[in-house]
Amino acid sequence: KLVFRNDLTGNLVYIDFTRRGTPSVVEFKDGIDAYHPDISPDGKWVAFCTGVEGIHSISRLFVRSLESDTAKPVELDFPTASIPRWRVLDSGDTVIVFVTGADNNEDVYTFIELTTWQVRFSNGAFGTPELLLMGNFHGGISDDNHLAVTGSTLLRVRYADFQSDIFNAFIDDVWYNGEQACNV
């Protein structure tokens, strides 16, 4: 299964290669300017937002069913949410990690004003968003929560300091000689 943005229309396009014969191709023509689509672990949903990475803007987050081209997308009730990524917690809950801004991270003050959140998604509905980190770590968070990254424009990282005597101590740093690593 593959989902991508059609740059001519702004719509999402879904291709299902699992069907026998010719792959099924569907363009969702609902008028939502879609960016950063990500298919759920079970392959039944796609999360996407309306904001572009590296540009300051208000962004809305949606999830839509891939099993129906007529079902309306479900919108997260949150002031601004960008770059959704699915994640399955150790508890088995499925969540979407998102950031409050897809801005570039070059200015440390702007970077730390933005935040990283997760929200449960179950039975076609969102739960209550939970704050994970200060900073827009839209590059991802490791499964054990010991590493968070963002690469637009600097490769900023937060990682666990296992040498510290302080429980849950973390170090914030810039890696890769201060150069861009936007697809981290």
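Residues numbered from 1 in each chain as written. Predicted model: local features only at pLDDT ≥ 70, side-chain atom pairs only at ≥ 80, totals over all residues. Heavy atoms only, no water.

I tried to follow the pattern of salt bridges on my own but got confused; where do I start?
Between side chains of opposite charge, pairing is possible as soon as their charged atoms come close. Inspection of the entire model under this criterion finds 7 salt bridges. Residue Asp33 is joined to Arg5 by a salt bridge in which the shortest nitrogen-to-oxygen separation is 2.7 Å. Here Asp33 is found in the loop between strand S3 (24-28) and strand S4 (35-39), whereas its partner Arg5 is found in strand S1 (residues 2-5), with 28 residues between them in sequence. With relative accessibility at 37%, the residue Asp33 sits in the partly exposed group. Glu130 is the salt-bridge partner of Arg120, the closest N and O atoms lying 2.4 Å from each other. Of the two residues, Arg120 is situated in strand S10 (residues 115-122) and Glu130 in strand S12 (residues 130-134); the sequence distance between them amounts to 10 residues. Owing to a relative accessible area of 30%, Arg120 belongs among the partly exposed residues under this scheme. (Salt bridge = Lys/Arg side-chain N within 4 Å of Asp/Glu carboxyl O. Helix = DSSP H or I, 4+ residues; strand = E, 2+ residues; numbered from the N terminus. Buried < 20%, exposed > 50% of the residue type's maximum accessible area, 1.4 Å probe, protein only.)

Got a minute to help me understand the side chain of Ser24 in this structure?
Note that Ser24 resides in strand S3. Once residues lying within four places of it in the same chain are set aside, the contact partners of Ser24 are Tyr14, Ile15, Asp16 and Arg19. (Contact = heavy atoms within 4.5 Å.)

Just checking my understanding: could you explain the sheet that holds strand S14 (residues 147-150) for this structure?
Working definition: the strands of a sheet are paired by backbone hydrogen bonds and lie parallel or antiparallel to each other. Strand order in the open sheet formed by 4 strands is S13-S14-S15-S16, with antiparallel pairing between adjacent strands. Among the strands making up the open sheet, the edge pair consists of strand S13 (140-141) and strand S16 (170-175). (Pairing = 2+ DSSP bridges.)

What exactly am I supposed to notice about a nonpolar patch on the surface here?
Among the surface-exposed residues, Leu2, Phe4 and Phe17 lie close enough to one another that they form a single nonpolar patch of about 280 Å² accessible area. Inspection of the secondary structure assignment puts Leu2 in strand S1. On the accessibility criterion, Leu2 (38% relative accessible area) is partly exposed. (Patch = residues over 30% accessible without salt bridge, like charges linked within 9 Å, V, L, I, M, F, W, Y side chains within 5 Å. Areas by Shrake-Rupley, 256 points an atom, 1.4 Å probe, with all protein chains shown as cover.)

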